[in-house]
Amino acid sequence: MKGTQKLHELGQSVWLDNITRDLLNSGTLRRYITDLSLTGLTSNPTIFDHAIKNSSHYDSAIRSKLSEGKSGETLFFELAIDDLAQAADLFRPIWDRTNGVDGWVSLEVSPLLAHDTASTIAAAKELHAQAKRPNLFIKIPGTREGLPAIEETIFAGVPVNVTLLFSREHYLAAAEAYLRGVERRIAAGLTPNVGSVASVFVSRWDAAVVNQVPAQLRNQLGIAIAKRTYKSACELFSSARSRRIYNEGGRPQRLLWASTGTKDPAASDVLYVKALAAPLTVNTMPEGTVKALADHGEIGEILPSDGGDSEEALSQFAKAGVDIEALAATLQDEGAKSFVKSWNELMSVISAKTEVLKKAS
């Protein structure tokens, strides 16, 4: 049995953190669904930047949209939605079979809106309506300004993938925004069953402290943060507040482990996958990590619902001079800036391709 199937049978969803037109057109994504137990997919500006920049697969579509007078951000979102609509259709049988628990794809609002609440809400509603797919999450960053946008978007009935969460506190703030949105729907007589995941980034913690901590603490911080966060999630899932929502027909906002590709070449290529196996969660992985898991991944013990040794491990990092709270804020801020950088590069790539294709036509 492949490692991906083992993880799926344990109760964790295996998602791919990648999308390209070639993955779709070649039948590779369809094969991954069949052969590797893949049940969902995530995307971000960096993924689309690489996909469009490093191939000619989008050229004919760009030409077509140019002839319709499209350009820049509008042109990009149409390209992205074309891809994600195809992917959503491939995952739709899973979405139907699981009654909307699994089988999702994700599209991010413009990273330029990370600190603009009103524009984020408007963009989320517009993009979801444009895609016309019920199994499409709109990704909204869990920044301070993003939190009210998450609440309003959930209240509007638009499924949300909360991104750029790095700590237990980030997660709990995002979960609170989700719960408020659902509770407002219940009060308004609306269905509380609006899909959502909360994406906690893992490996960036270890990359951030690699030169600050002793060798014996390397590649352990991200996992300790994840364990601590999982404990809080389990407590929230079983709380009286959550149970009231379940009784009205609502569902838990699942935890999603993001940034789970191993950065350290000396560490296991399935380090974060093996450590973070847990039911009712998602792990979205780079393509190489999915293949490695299928090939030689062994799933160990299930993530402990009480956080295991996370606090003891985190105390060791505190002794080594790591300020967890300050680093979480830095990582979230740097993550938002990184997506803005990728977005600007993506717009430049589209602009350059547009000029080349115009001259060639």
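Quantities reported herein were computed from a predicted structural model and do not represent experimental measurements. (Residues numbered from 1 in each chain as written. Predicted model: local features only at pLDDT ≥ 70, side-chain atom pairs only at ≥ 80, totals over all residues. Heavy atoms only, no water.)

Two elements in contact, helix α11 (residues 221-237) and helix α15 (residues 310-319), have axes whose closest approach is 9 Å; the angle formed by their N-to-C orientations is 135 degrees. With respect to their mutual orientation, α11 and α15 come out oblique. Here the hand of the crossing between α11 and α15 comes out left-handed. On α15, the residues that touch Leu221, Ala224, Ile225, Lys227 and Arg228 of α11 are Ser310, Glu311, Ala313, Leu314 and Phe317. (Axes fitted to C-alpha atoms, helices over the stretch in contact; angles between N-to-C directions. Helix = DSSP H or I, 4+ residues; strand = E, 2+ residues; numbered from the N terminus. Parallel < 35°, antiparallel > 145°, perpendicular 65-115°, else oblique. Left-handed = near helix turned anticlockwise from the far one by under 90°. Contact = heavy atoms within 4.5 Å.)

Turning our attention to helix α16 (residues 324-360). In a regular helix each residue adds 1.5 Å, so 37 residues correspond to 54 Å; α16 covers 53 Å between its end C-alpha atoms and thus fits that length. Its side-chain oxygen 3.3 Å from the backbone nitrogen of glutamate 325, aspartate 323 forms the N-cap of α16. (Expected span 1.5 Å × (residues − 1). Polar contact = N/O pair within 3.5 Å; in protein donor to acceptor, adjacent residues only side chain to side chain.)

Okay, the environment of alanine 313 next. Mapped onto the fold, alanine 313 is located in helix α15. The spatial distance from the C-alpha of alanine 313 to the C-alpha of serine 196 is 30 Å, given a sequence separation of 117 residues.

Here we take up the environment of lysine 359. Locating lysine 359 in the fold gives a position in helix α16. Sequence spacing of lysine 359 and arginine 180 is 179 residues, and the spatial spacing of their C-alpha atoms is 52 Å.

The subject of this paragraph is the nonpolar core. A general trend in soluble globular proteins is that nonpolar side chains are found buried together. Ranked by size, the top nonpolar core spans 93 residues in total, and within it Leu29, Leu38, Phe76, Tyr171 and Trp257 carry the most contacts. Here this core takes twelve residues from helix α6 (residues 72-97), the largest share from any one element. Here tryptophan 257 is in contact with Gln12, Val200, Val202, Ala226, Tyr230, Leu276, Thr281, Val282, Asn283, Thr284 and Leu303, once residues within four sequence places are set aside. The next biggest cluster of nonpolar side chains, apart from the first, holds 28 residues, and it includes Trp15, Leu164, Leu221 and Leu331. (Core = buried A, V, L, I, M, F, W, Y, C linked by side-chain atoms within 4.5 Å. Buried < 20%, exposed > 50% of the residue type's maximum accessible area, 1.4 Å probe, protein only.)

Glycine aside, residues mostly have negative phi angles, and peptide bonds mostly take the trans form. Not every positive phi belongs to a glycine, and serine 37 is a case in point at roughly 60 degrees. Counting through the fold element by element, serine 37 comes out in the loop between α3 (28-35) and β2 (38-42). We note that asparagine 219 has phi near 60 degrees; this positive angle belongs to a residue other than glycine.

What follows concerns the UniProt feature "active site" (unreviewed entry) in the protein chain. Following the UniProt record, one finds the feature "active site" (unreviewed entry) at Lys139. Mapped onto the elements of the fold, lysine 139 is located in strand β4 (residues 136-141). For lysine 139, a relative accessible area of 6% gives the class buried. Sequence-distant contacts of lysine 139, defined by excluding residues within four places in its chain, comprise Thr42, Ser43, Asn44, Ser106, Leu107, Glu108, Val109, Asn161 and Thr163. (UniProt positions renumbered as here; feature names shortened; annotations may be inferred.)

In this section: the packing of helix α9 (residues 168-187) against α11. The N-to-C vectors of α9 and α11 enclose an angle of 25 degrees; their axes lie 9 Å apart at closest approach. By the angle class used here, α9 and α11 are roughly parallel. When the axes of α9 and α11 are compared, the crossing they make is right-handed. Of the residues in α11, those touching α9 at Arg168, Tyr171, Leu172, Ala175 and Leu179 are Arg228, Thr229, Ser232, Ala233, Leu236 and Phe237. Looking at the contact of α9 with α11 residue by residue, the classes come out as seven nonpolar, two polar and two charged. (Nonpolar A, V, L, I, M, F, W, Y, C, P; charged D, E, K, R; others polar.)

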